[in-house]
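Chain residues, written in single-letter form:
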Amino acid sequence: MRAEPLYTALGDSLTVGVGSTVFQPNFVKLYQRKLEVYYHIKLQRQIFAKNGATTEQILQSTFRPEIAAAIGRSTFLTITGGGNDFLKAGRYWMKTGDFSAVLQATENSLAHMEQMIYRIHLLHEDSTDSYRVRILNLYNPLFYIPGTNHWLEDYNKRLNQFEDDAHVRIADVYHAFSGYEPQLLGFDHLHPNPIGYRVMAEVTPV
């Protein structure tokens, strides 16, 4: 009997589901349901995510044997990351006026994402099964601070280049949230509320 296909979710607090509630599913559960309805299948699910994780930490986690094994068996993968890279850099910029940290965060995050995609490909090398990688771009929790949209738009635009890879699609969370942040973010003004998580799942391609 063939095992159910596997959906593996990698990432930070957005994959953990900070801001969702027991009765309101988080992004991963909502997206799994979307996949199951669309493809008429039942999926297994594995989540490897940590609050506060940077793109470098998410990349490093893919070298852990149990995570590497899950990635290699996955038909569907989602990645949330980059938000913590930018929050740290943004706070440094606001404190010092030094914009170089933000530019560095852009380069580092894109490089780590590229390495993650390459790593996923390597882990699927010995398999003939198809697989899909969905990377969520970044919304702006600091939308009320002038200038922050500009550098996030630049990052998200450059993230789109990874769609040149047939396995990869980018979920445009940024434009879905833009102008609606007060309605879609939770009490901490950083993480989505249950409605925000629903929007994230809706804009993520199957």
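Residues numbered from 1 in each chain as written. Predicted model: local features only at pLDDT ≥ 70, side-chain atom pairs only at ≥ 80, totals over all residues. Heavy atoms only, no water.

Under an unreviewed UniProt entry, the name given to the protein chain is Spore germination lipase LipC, and the source organism is Sporolactobacillus terrae.

Caption draft 1: Quick look at the sheet that holds strand E5 (residues 168–171). Sheet architecture is open: five strands sit in the order E2-E1-E3-E4-E5, paired in parallel fashion. Looking at the sheet topology across the chains shown, the edges are occupied by strand E2 (44–49) and E5. Taken pair by pair, the neighbouring strands of this sheet meet at an average axis angle of 15°, ignoring direction. Across six bridges, strand E1 (residues 6–11) lies against E2 in parallel orientation. Following the sheet pairing, Leu-6 is matched in E2 by Gln-44. Along the sheet, helix H2 (residues 27–39) makes contact with E1, E2, strand E3 (74–80) and strand E4 (132–136), crossing E1 at roughly 150°. (Pairing = 2+ DSSP bridges. Helix = DSSP H or I, 4+ residues; strand = E, 2+ residues; numbered from the N terminus. Axes fitted to C-alpha atoms, helices over the stretch in contact; angles between N-to-C directions. Contact = heavy atoms within 4.5 Å.)

Caption draft 2: Here's a closer look at the UniProt feature "domain: SGNH hydrolase-type esterase" (unreviewed entry) in the protein chain. UniProt annotation of "domain: SGNH hydrolase-type esterase" (unreviewed entry) refers to residues 9–199 when read in the numbering used here. As a span, residues 9–199 carries 51% helix and 13% strand, and end to end its C-alpha atoms are 17 Å apart. (UniProt positions renumbered as here; feature names shortened; annotations may be inferred.)

Caption draft 3: Structural view of the environment of Asp-85. Topologically, Asp-85 is positioned in helix H5 (residues 83–96). Residue class for Asp-85 comes out buried when judged on its relative accessible area of 13%. Separated by 33 residues in sequence, Asp-85 and Gly-52 have C-alpha atoms that sit 9.1 Å apart. Discounting chain neighbours no more than four positions away, the residues touching Asp-85 are Thr-54, Thr-55, Ala-105 and Ser-109. Reaching out from Asp-85, the side chain makes a polar contact with the side chain of Thr-55 at a distance of 2.7 Å. (Buried < 20%, exposed > 50% of the residue type's maximum accessible area, 1.4 Å probe, protein only. Polar contact = N/O pair within 3.5 Å; in protein donor to acceptor, adjacent residues only side chain to side chain.)

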